[in-house]
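# Coordinate inspection notes
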Amino acid sequence: MTSRVRCYQTSRTIKMTFSAAFSTSLYTSQTSLLSSKNSSNKLFLKTCSLFPSQARKKLLFQPLRYNGFSTERSCVGIVKAIQSENWFKNVEVFTKEHVAILLAHDVAQHSNKFIQEKGAFTVVLSGGSLIKYLRKLVELTNAESIDWSKWHVFWVDERVVPKDHLESNYKLAYDGFLSKVPIPPVNIYSIDDALEADGAADVYETTLRRLVKNGVIATSENGFPKFDLMLLGMGQDGHVASLFPRHSLVKEDKKWVSFIKDSPKPPSDRITLTFPVINACSNIAMVVTGAGKNGAVYSALRGDEKSDKLPAGLVSSEGELKWYLDIGAASMLFKE
Ligand SMILES: O=C1O[C@H](COP(=O)(O)O)[C@@H](O)[C@H](O)[C@H]1O
């Protein structure tokens, strides 16, 4: 159930919608979370303060209501701003905790929708900080009734290290997420850690081609695999997957999976899905937190069109691309 309140500037065009799209369970976990912080109003105001002051002054904040509760105190975070500027459309700004909560809710919704429509859900994971934001998904399993048996899990990139290595994206995902949910092991498509980067990339592409052929993965109009949901992180330098700024791999437009042996971020050898595959996805969630990434967020979303785009700025989706930012990562976006 979705409840929504509009906060708008009465006399001019800027209009924002503050929406709470919580199920009861999410609401419950949100309130307990808030009481533990006891600073919800401060956080809300802090979030609002990211908006241009002129607009802010004229905003009319109404208490948000959900199931009879006044959620005024809990208006933190869920800020969906709708403005005419394109970059602003699908950007949501939260506290870190709320990034995890809303992400859980959205992933559960995508999962239910795709499983209902086609009996399976294909999800692509990143490594890095993204995995810790899946923690609420694990906690909310029962409430959201996810059918984990229909999940098929892939990786957008992997480091060429053994699966039990600290740098392994598989290990990160297994420890933080996969070991906690009943996804059939046969539906978890990790990258072969016995091979060198080039061989591992070839084998992974062959696996994807087989799954496209037998209908597990859908296909986009231009013949690339079309995953239902991709959960992307972004590095401080604006890289996504293992596609780094100014690296030739960013321009790869034929291969589905490629490899890199000179990654600027260690380890040097990695395999990665390419941009045509990333951008063919039905839905992409870009999950970016921390003030250290605010410059890259700014340049990806608002950067000069003429300048070389960061890889994160080249991400698009055949369906929906949504940015989940915390206040730190968003902090340069709303500067006047
Ligand atoms: O090396 C990688 O970095 C990015 C970003 O990681 P983060 O810890 O800064 O969020 C990650 O998305 C990618 O999968 C990983 O291989």
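These numbers were taken from a predicted model, which means no experiment stands behind them.

## Description of the nonpolar core
Formed by 89 residues in total, the largest nonpolar core has its most connected members in W151, F177, L273, I278, M286 and W323. For this core, the element with the highest residue contribution is helix α4 (residues 96-118), accounting for nine residues.

## What to know about the site of the ligand
Looking at the ligand, there are 15 residues lining it, with G127, S129, D157, K265 and K293 nearest. Within the side chain of R270, a nitrogen or oxygen atom sits 3.1 Å from an oxygen atom of the ligand. When the free accessible area of the ligand is taken as 390 Å², the share hidden by the protein chains comes to 91%. The residue makeup of the shell around the ligand, split by class, is two nonpolar, eight polar and five charged.

## Description of the pattern of salt bridges
The full count for this structure, using the stated rule, is 15 salt bridges. If you follow the salt bridges from partner to partner, you end up with E97, R135, K136 and E139 in one network.

## Observations regarding the confidence of the model for the protein chain
In the predicted model, the protein chain carries a mean pLDDT of 77, and the fraction of residues at 70 or more is 70%. Scored below 50 in pLDDT, residues 1-84 shows 162 contacts in the model against residues more than four places distant or in partner chains. Scoring of the predicted complex yields 0.79 for pTM and 0.99 for ipTM.

## Comments concerning the pairing of strand β7 (residues 121-125)
Where burial is concerned, most of β7 is hidden: five out of the five residues are buried. Sheet topology places β7 next to strand β8 (residues 151-155); five bridges connect them, and they run parallel. Looking at β8, one finds that L125 is bridged to W155. In this structure, β7 lies alongside strand β12 (residues 229-232), joined through two bridges in parallel fashion. Across the sheet, V123 pairs through a bridge with L229, a residue of β12.

## Observations concerning the side chain of R159
Relative to the helices and strands, R159 resides in strand β9 (residues 157-159). Judged by its relative accessible area of 10%, R159 is buried. When residues no more than four places from it in sequence are discounted, the contact partners of R159 are E167, N169, K265, P267, D269 and R270.

## Some remarks on the environment of K171
By secondary structure assignment, the location of K171 is in helix α7 (residues 169-176). For K171 and S190, which are 19 residues apart along the polypeptide, the C-alpha to C-alpha distance reads 9.9 Å. Setting aside anything within four residues of it in sequence, one finds K171 in contact with K163, D164, H165 and L166.

Here is what the cut-offs are and how they apply
Residues numbered from 1 in each chain as written. Predicted model: local features only at pLDDT ≥ 70, side-chain atom pairs only at ≥ 80, totals over all residues. Heavy atoms only, no water. Core = buried A, V, L, I, M, F, W, Y, C linked by side-chain atoms within 4.5 Å. Buried < 20%, exposed > 50% of the residue type's maximum accessible area, 1.4 Å probe, protein only. Helix = DSSP H or I, 4+ residues; strand = E, 2+ residues; numbered from the N terminus. Near = heavy atom within 4 Å. Polar contact = N/O pair within 3.5 Å; in protein donor to acceptor, adjacent residues only side chain to side chain. Areas by Shrake-Rupley, 256 points an atom, 1.4 Å probe, with all protein chains shown as cover. Nonpolar A, V, L, I, M, F, W, Y, C, P; charged D, E, K, R; others polar. Salt bridge = Lys/Arg side-chain N within 4 Å of Asp/Glu carboxyl O. pLDDT = per-residue confidence, 0-100. Contact = heavy atoms within 4.5 Å. Pairing = 2+ DSSP bridges.

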